[in-house]
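# Notes for the structure review
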Amino acid sequence: MKQRQRGLILALAPFVLMVLAFQVVPVFSMLTGSFRHAGGAGFTLDNYRHALSSAYYLQAIKNSLLISVFSSLIGLAVGLVCAYCITRFAPAVRDRLLMLSNMTSNFAGVPLAFAYIILLGNNGVFTLLFKQWGWNVFDGFNLYSWSGLILVYVYFQIPLALLLLYPAFYGIREQWREAAALLGAGSWQFWKTVGLPVLSPAIFGTLGILFANAMGAYATAYALVGGNYNLLAVRIGSLVAGDVVTQPQMGSTLAVLLALSTLLAVFLNQRMVRRMEGFGGRSPARRERSSGLFRRRWPAVREEAGQ
């Protein structure tokens, strides 16, 4: 037994070393660096005071928050509809669509930005083609602006939302739909009274993941707009590895603020996932909780239906 335990410890040693080298040490370095003076010695809170009082850094935080919120909401809305539709297809078609969604959700960074520049840039294929045809489709649209960033972000937000949301639709039992029809409730009443409440934990959890995904996106934004648009992730990169002046302590401070927003999103996601476990499981206890929700909700449906 002791020999087996030693073997397990030796087998886990590479994993522990990897976690320490690539997760614990960088996080510790980031935290300690955010409290250092510009000279590199001593403890100070001036970095946080400067970050939260500077209009330049506050604008970067604001822009990142707005883009993350808008792209997450758009991706969630479209992904929710797509996730419902994908559950209606045959298993073979559904698996192919999920595979395509998995590929597109990981197609980000410099290749994605380059693809959009080729297609919708100032001299992009579609831009020049529609202009030659006399179609004013892209008049007023600038890929290297707020609207362009939203469009590019939404590209990888939608498939990610689809992949996260579609399993939740299988937690809505067909018996509930049949009961709704027997009680005279329409489709809208069913989704309002039972469907959306059951899906709400997954929806809010997915929203948190999409928000964190957009906040941490760096390569796509940097390749598309560079330093022309003030974003938090781009600003951190310029402070740590800038061509003119580097301020690693300020970069660490902004990285801590970015990490806090991401951790908050992940924390909310975990809370929603725990709540979601009460609806989609197959154990008797989970079925009882689902049935209890159903019994509490449907008297209101019957009352609305006039029965």
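Residues numbered from 1 in each chain as written. Predicted model: local features only at pLDDT ≥ 70, side-chain atom pairs only at ≥ 80, totals over all residues. Heavy atoms only, no water.

What follows is about the overall build of the protein. Helix and strand counts for the protein come out as 13 helices and zero strands. For the protein, the sequential pattern of α-helices and β-strands runs α-α-α-α-α-α-α-α-α-α-α-α-α. Within the protein, contacts between residues separated by at least 24 positions form 69% of all contacts whose residues are at least 6 apart in sequence. Only carbon and sulfur atoms are counted for the fraction: they give 65% of the accessible area of the protein, which is about 18000 Å². (Helix = DSSP H or I, 4+ residues; strand = E, 2+ residues; numbered from the N terminus. Contact = heavy atoms within 4.5 Å. Areas by Shrake-Rupley, 256 points an atom, 1.4 Å probe, with all protein chains shown as cover.)

Bringing the environment of Y218 into the picture now. Position of Y218 among the secondary structure elements: in the loop between α9 (187–215) and α10 (219–225). Sequence spacing of Y218 and G237 is 19 residues, and the spatial spacing of their C-alpha atoms is 8.3 Å. Contact partners of Y218, with chain neighbours within four places excluded, come to A233, V234 and G237.

To continue, consider the layout of surface pockets. In this model, the largest pocket occupies a volume close to 220 Å³. Around the largest pocket, the lining comprises 12 residues; the ones closest to its centre are F204, L207, G208, F211 and L268. Within the residue set of the lining of the largest pocket, elements represented by two or more residues are α3 (55–86), α9 and α12 (248–280). Looking at the lining of the largest pocket residue by residue, the classes come out as nine nonpolar, three polar and no charged. (1 Å grid on protein atoms, 1.4 Å probe; cavity = no way out; pocket = protein on both sides within 12 Å on 5 of 7 lines; lining within 4 Å. Points joined across faces, edges and corners; volume = space filled by probe spheres on them. Nonpolar A, V, L, I, M, F, W, Y, C, P; charged D, E, K, R; others polar.)

The next subject is the confidence of the model for the protein. Of the residues in the protein, 86% have a pLDDT of 70 or more, and the chain-wide mean is 81. The lowest-confidence element of the protein is helix α13 (residues 284–305), averaging 45 in pLDDT; the highest-confidence one is α3, averaging 92. Confidence over residues 300–307 falls short of pLDDT 50; this stretch has 12 contacts with residues more than four positions distant or in other chains. (pLDDT = per-residue confidence, 0-100.)

Counting 22 residues, the largest nonpolar core has L165, F169, I172, W176, F190, W191 and L199 as the members making the most contacts within it. Elements that contribute at least two residues to this core include exactly α3, α7 (146–169), α8 (174–182) and α9. Of all hydrophobic cores here, the second largest spans 20 residues; its members include L112, L143, I150 and L231. (Core = buried A, V, L, I, M, F, W, Y, C linked by side-chain atoms within 4.5 Å. Buried < 20%, exposed > 50% of the residue type's maximum accessible area, 1.4 Å probe, protein only.)

Looking now at the packing of aromatic side chains. Taken as a whole and judged by the stated rule, the model has 17 aromatic pairs. Their ring planes at 85° and their centres at 6.0 Å tell us that Y116 and Y155 sit as a pair that is edge-to-face. With a gap of 39 residues between them, Y116 in helix α5 (residues 110–120) and Y155 in helix α7 connect regions that are remote in the sequence. Relative accessible area serves as the criterion here: at 30%, Y155 is assigned to the partly exposed category. (Phe/Tyr/Trp six-rings, centres within 6.5 Å; stacked < 30°, edge-to-face > 60°.)

Turning to α7, a few remarks are in order. For α7, built from 24 residues, the straight-helix expectation of 34 Å at 1.5 Å per residue is met to within 8% by its first-to-last C-alpha distance of 33 Å. If you look at α7, its biggest bend is around 30°, right at V154. (Expected span 1.5 Å × (residues − 1). Bend = angle between axes of the 7 residues up to and from the residue.)

Attention now goes to the packing of α3 against α9. Where α3 contacts α9, the two axes come as close as 9 Å, and the packing angle between them is 140°. Between α3 and α9, the interaxial angle falls into the category oblique. Every pair of crossing elements has a handedness; the one defined by α3 and α9 is right-handed. Of the residues in α9, those touching α3 at S64, L65, S68, V69, S71, S72, L73, G75, L76, L80 and Y84 are W191, I203, T206, L207, L210, F211, A214 and M215. (Axes fitted to C-alpha atoms, helices over the stretch in contact; angles between N-to-C directions. Parallel < 35°, antiparallel > 145°, perpendicular 65-115°, else oblique. Left-handed = near helix turned anticlockwise from the far one by under 90°.)

Judged by side-chain polarity, L12, F15, V16, L17, L20, V24 and V25 come together as a nonpolar surface patch covering roughly 650 Å² of accessible area. With respect to the helices, strands and loops of the structure, V16 is situated in helix α1 (residues 2–33). (Patch = residues over 30% accessible without salt bridge, like charges linked within 9 Å, V, L, I, M, F, W, Y side chains within 5 Å. Salt bridge = Lys/Arg side-chain N within 4 Å of Asp/Glu carboxyl O.)

Compared with an ideal rise of 1.5 Å per residue, which puts 15 residues at 21 Å, helix α4 (residues 91–105) spans 21 Å between its outermost C-alpha atoms and is within 8% of the ideal. Burial in α4 covers these residues: R94, L98, S101, T104 and S105. Angularly, the buried residues of α4 cover 125° about the axis, an arc narrow enough to put them on a single face. In α4, the exposed positions that point more than 90 degrees away from the buried face belong to R96, M99 and M103. Where α4 is buried, its residues meet α3 and α7. (Arc of directions from axis to C-beta.)

Once that is clear, we can look at the side chain of N47. Mapping N47 onto the fold places it in helix α2 (residues 46–53). A distance of 2.9 Å separates the side chain of N47 from the backbone oxygen of S34, its partner in a polar contact. If near-sequence neighbours (up to four positions away) are discounted, N47 is found in contact with G33, S34, F35, R36, Q249, M250 and T253. (Polar contact = N/O pair within 3.5 Å; in protein donor to acceptor, adjacent residues only side chain to side chain.)

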